[in-house]
Amino acid sequence: MKFKVFFFDIDGTLTDDRTHQIVPSAKVAIRCLQEAGHFVAIATGRMHYKTVDVARELGIHHFVCAGGGCLVLNDEIISNETLDAELVHDYLKEADRHHLGYLLLREDNDSVEFKDFCFLEQAGLRKELTTYHYRPGLEIFSLRDIYKIYLAVQKEDEKKYPWIESLGHLRMSRDYIVVQYDKKNEGIRNLLQVIQAKPDQVVVFGDGNNDKVMFESDYFKVAMGNGESALKEMADYVADCSYHDGIYKTCMHFGWFEKVED
């Protein structure tokens, strides 16, 4: 077997999207791939602090996280990009002009900052664990270290504000979007340069529309059976569902558990 570089999405790929727990057979597959001599990594939109525990449970020491902005090799952060400051300032000016509330994430943890209560009034509390810091004197337009923006905008209202598209975003709730670094494939490419691997050695596993960005033509692309139809159309192979041992079955099918040739 030739040496390969594997990148796995987390949610709905390594995990059962019904329970949000890691699929046991996926954990076995990761170990077998590593023992065979392959390079195994995570590629996720999650921030570093939300990726570490998953990586540790799986025994994975390398990952591309924060939508490609953060690279980790051998458990050490080697780069961690924030959003483009000028684009962020223009974005927040528009948000203020249209009276849309927002929260700012400026650290690698669950803390967010806000200068007024607009977001909480318009969207309520976030759907996951969050530590809130009210900063009434926050100088928004002097900040240059923002990882994410949580913008209060209803799904049906998005088209009213075309400037929203100036920065990559995901919708995790009907009440707000998450604006974040959105260059997962660029992060993969950067990590490939560091480990001196080639794109045609890469195998990517994903399930959601946000994984389209890493389904590049040079890679071997695997879409999970429980994934989005559009992603399956881009895939070289459609696996069984994650919770039906899709990762393990796929690795067995292609013989990826065989020892890498010297």
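First, a word on scope: everything that follows refers to the structure included in this document. Treat the numbers as computed from the prediction; the structure is a model and nothing was measured. (Residues numbered from 1 in each chain as written. Predicted model: local features only at pLDDT ≥ 70, side-chain atom pairs only at ≥ 80, totals over all residues. Heavy atoms only, no water.)

### Description of the overall build of the protein chain
- Within the protein chain, the secondary structure is distributed over 8 helices and 16 strands.
- In terms of overall dimensions, the protein chain is globule-like: its C-alpha atoms have a radius of gyration of 19 Å, near the 18 Å expected for 262 residues.
- Projected onto its principal axes, the C-alpha positions of the protein chain cover 60 × 35 × 30 Å.
- Put simply, the protein chain has 262 residues, and 53% of those count as buried.
- Within the protein chain, counting contacts between residues at least 6 apart in sequence, those at least 24 apart form 56% of the total.
- Only carbon and sulfur atoms are counted for the fraction: they give 47% of the accessible area of the protein chain, which is about 12,500 Å².
- Charged side chains of the protein chain number 31 positive and 44 negative; the gap between the two group centres comes to 2 Å. (Helix = DSSP H or I, 4+ residues; strand = E, 2+ residues; numbered from the N terminus. Rg over C-alpha atoms; globule rule 2.2 N^0.38 Å. Buried < 20%, exposed > 50% of the residue type's maximum accessible area, 1.4 Å probe, protein only. Contact = heavy atoms within 4.5 Å. Areas by Shrake-Rupley, 256 points an atom, 1.4 Å probe, with all protein chains shown as cover. Lys, Arg positive; Asp, Glu negative; His and termini not counted. Charge placed at Lys NZ, Arg CZ, Asp CG, Glu CD.)

### Let's talk about the packing of helix α2 (residues 24–36) against helix α8 (residues 246–254)
- Interaxial distance between α2 and α8 falls to 7 Å at its minimum, and their mutual angle equals 35°. On α8, the residues touching Ser25, Ala26, Val28, Ala29 and Leu33 of α2 are Ile247, Tyr248 and Cys251.
- Its residues assigned to classes, the contact of α2 with α8 comprises 7 nonpolar, 1 polar and no charged. (Axes fitted to C-alpha atoms, helices over the stretch in contact; angles between N-to-C directions. Nonpolar A, V, L, I, M, F, W, Y, C, P; charged D, E, K, R; others polar.)

### With respect to the pairing of strand β7 (residues 76–80)
- As paired elements, strand β6 (residues 70–73) and β7 share 4 bridges and run antiparallel to each other. When the bridges of β7 are listed, Cys70 appears paired with Asn80. (Pairing = 2+ DSSP bridges.)

### What about empty space enclosed by the protein?
- This model, assessed by the stated rule, comprises 2 cavities of 30 Å³ or more.
- Considering only enclosed or pocket space, the largest cavity measures out at about 60 Å³ in volume.
- Gly45, Gly67, Leu170, Gln180, Tyr181, Asp182, Lys184, Asn210 and Val213 together form the lining of the largest cavity.
- Tallied by class, the residues present in the lining of the largest cavity amount to 3 nonpolar, 4 polar and 2 charged.
- Roughly 30 Å³ of volume is contained in the second largest cavity.
- Every residue along the wall of the second largest cavity is listed here: Met47, Ala66, Glu81, Tyr147, Lys148, Gln180 and Tyr181. (1 Å grid on protein atoms, 1.4 Å probe; cavity = no way out; pocket = protein on both sides within 12 Å on 5 of 7 lines; lining within 4 Å. Points joined across faces, edges and corners; volume = space filled by probe spheres on them.)

### A closer look at the environment of Ile22
- Here Ile22 is to be found in strand β3 (residues 21–22).
- By relative accessible area, Ile22 is classed as buried at 15%.
- When the C-alpha atoms of Ile22 and Ala85 are compared, they prove to be 36 Å apart, with 63 residues separating the residues in sequence.
- Excluding anything up to four places from it in sequence, Ile22 contacts Leu14, Thr15, Val54, Glu57 and Leu58.

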